[in-house]
Amino acid sequence: GEDVEQSLFLSVREGDSSVINCTYTDSSSTYLYWYKQEPGAGLQLLTYIFSNMDMKQDQRLTVLLNKKDKHLSLRIADTQTGDSAIYFCAERSAGNNRKLIWGLGTSLAVNP
Amino acid sequence: DAGVTQSPTHLIKTRGQQVTLRCSPKSGHDTVSWYQQALGQGPQFIFQYYEEEERQRGNFPDRFSGHQFPNYSSELNVNALLLGDSALYLCASSLGQFSYEQYFGPGTRLTVT
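Residues numbered from 1 in each chain as written. Chains lettered and ligands numbered in written order. Predicted model: local features only at pLDDT ≥ 70, side-chain atom pairs only at ≥ 80, totals over all residues. Heavy atoms only, no water.

A. Looking closely at the overall build of chain B. Counting its secondary structure elements, chain B contains 0 helices and 11 strands. Secondary structure elements in chain B, listed N-terminal to C-terminal, are β-β-β-β-β-β-β-β-β-β-β. In terms of overall size, chain B behaves like a compact globule, its C-alpha atoms giving a radius of gyration of 13 Å where 113 residues would be expected to give roughly 13 Å. C-alpha atoms of chain B, sized along the principal axes, occupy 35 × 25 × 25 Å. Within chain B, buried positions represent 51% of all 113 residues. Residue pairs in contact within chain B that sit at least 24 positions apart in sequence constitute 54% of those at least 6 positions apart. Accessible surface, chain B as shown: approximately 5300 Å² in total, 48% of it carbon and sulfur. (Helix = DSSP H or I, 4+ residues; strand = E, 2+ residues; numbered from the N terminus. Rg over C-alpha atoms; globule rule 2.2 N^0.38 Å. Buried < 20%, exposed > 50% of the residue type's maximum accessible area, 1.4 Å probe, protein only. Contact = heavy atoms within 4.5 Å. Areas by Shrake-Rupley, 256 points an atom, 1.4 Å probe, with all protein chains shown as cover.)

Dropping the structure here:
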């Protein structure tokens, strides 16, 4: 079946790097996503990676994909207090599949 | 460039009642997906509308129904509300039914008492 797992909490100091990890079970995943959700807000698409890539960098964000281990990570460089939020990992299967399967989210706390 | 908008922001209903939630997609988008996010959970896919038809459905009962209008906006209807329907309902829009980029609205917080 399809499942996405994430650790629930992460606490870092301002200025440090944050690494949020995610594992998934669907070997036919085509796209893997990172979304950010701030309190009381909707979901903001941060970045995504296609399954034939192993790394994608976008400013302070670096996504690493280990397809063999079905492991995805999001690294945030120079973490700021404004990065405090819940980060969701999601995956989309191959074929005529339109839905995203989501993890429970990792709550990132950035301490000054 | 208008993003995805949803209305209302908050809603309180009583068990057994019916509710209609509304979504306007991002400018230029033609596809709308609906998700339910319970407290402390990730979103769960309800269904997707494209060309005014339901294209895919998640594991939700028939009490959940929807509609898409010619201007691409969409409604989510829930009948016979249960306490367990209390959640944040999120609408996502995209260009094309198989697009890999979905953009979410702020959500409608539904509380069933």
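From this point, the narrative continues.
B. Structural context of the interface of chain A and chain B. Counting residues at the interface gives 19 residues for chain A and 22 residues for chain B. Here chain A meets chain B over a buried area of about 1800 Å², counting both sides, of which 52% is carbon and sulfur. Contact with chain B buries area across many residues of chain A, yet Leu 43, Arg 98 and Trp 102 of chain A alone supply 34% of it, more than any other trio. Joining chain A to chain B, the criterion identifies 0 salt bridges. On the surface where chain A and chain B come into contact, there are 7 residue pairs in polar contact (both at pLDDT 80 or more). When residues of the side of chain A that touches chain B are traced back to their parent elements, those giving at least two are β4 (29-37), β5 (43-50) and β9 (85-93) of chain A. (Buried area = accessible area lost by both parts, 1.4 Å probe. Salt bridge = Lys/Arg side-chain N within 4 Å of Asp/Glu carboxyl O. Polar contact = N/O pair within 3.5 Å; in protein donor to acceptor, adjacent residues only side chain to side chain.)

C. The arrangement of the pairing of strand β7 (residues 61-66) of chain A in detail. Residue and element names in this part refer to chain A. With 4 bridges connecting them, strand β6 (residues 55-58) and β7 associate as antiparallel partners. For Met 55, the partnering residue across the bridge sits in β7 and is Leu 64. Hairpin connection of β6 to β7: 2 residues between the antiparallel strands, including Gln 59 at a positive phi of 55 degrees. With 6 bridges connecting them, β7 and strand β8 (residues 71-76) associate as antiparallel partners. (Pairing = 2+ DSSP bridges.)

D. Quick look at the packing of aromatic side chains. Here the structure, examined in full by the defined rule, presents 16 aromatic pairs over all chains. Ring centres of Phe 47 of chain B and Tyr 49 of chain B lie 5.3 Å apart, and the angle between their planes is 85 degrees; on these two criteria the pair is classed as edge-to-face. Residues Phe 47 of chain B and Tyr 49 of chain B agree in their burial class; the two are buried. Put simply, the rings of Tyr 31, Tyr 33, Tyr 35, Tyr 48, Phe 50, Phe 88 and Trp 102 of chain A together with Tyr 35, Phe 45, Tyr 100 and Phe 104 of chain B touch in pairs and so form one group of aromatic residues. Between the NZ or CZ atom of Lys 56 of chain A and the centre of the ring of Tyr 48 of chain A, over which it lies, the distance is 4.2 Å. The side chain of Lys 26 of chain B reaches across the aromatic face of Tyr 103 of chain B, ending 5.6 Å from its centre. (Phe/Tyr/Trp six-rings, centres within 6.5 Å; stacked < 30°, edge-to-face > 60°. Lys NZ or Arg CZ within 6 Å of the ring centre and 35° of its normal.)

E. Seen up close, the state of the cysteines. All names here are of chain B. What the rule picks out here adds up to 2 disulfides over all chains. At a sulfur-sulfur separation of 1.7 Å, the disulfide partner of Cys 23 is Cys 91. Across the S-S bond linking Cys 23 and Cys 91, the dihedral sits near -50 degrees, which makes this disulfide left-handed. With Cys 23 in strand β3 (residues 19-24) and Cys 91 in strand β9 (residues 87-94), this residue pair connects regions lying 68 residues apart in the sequence. The pair formed by Cys 23 and Cys 91 is uniform in burial state, with each residue classed as buried. (Disulfide = S-S within 2.5 Å.)

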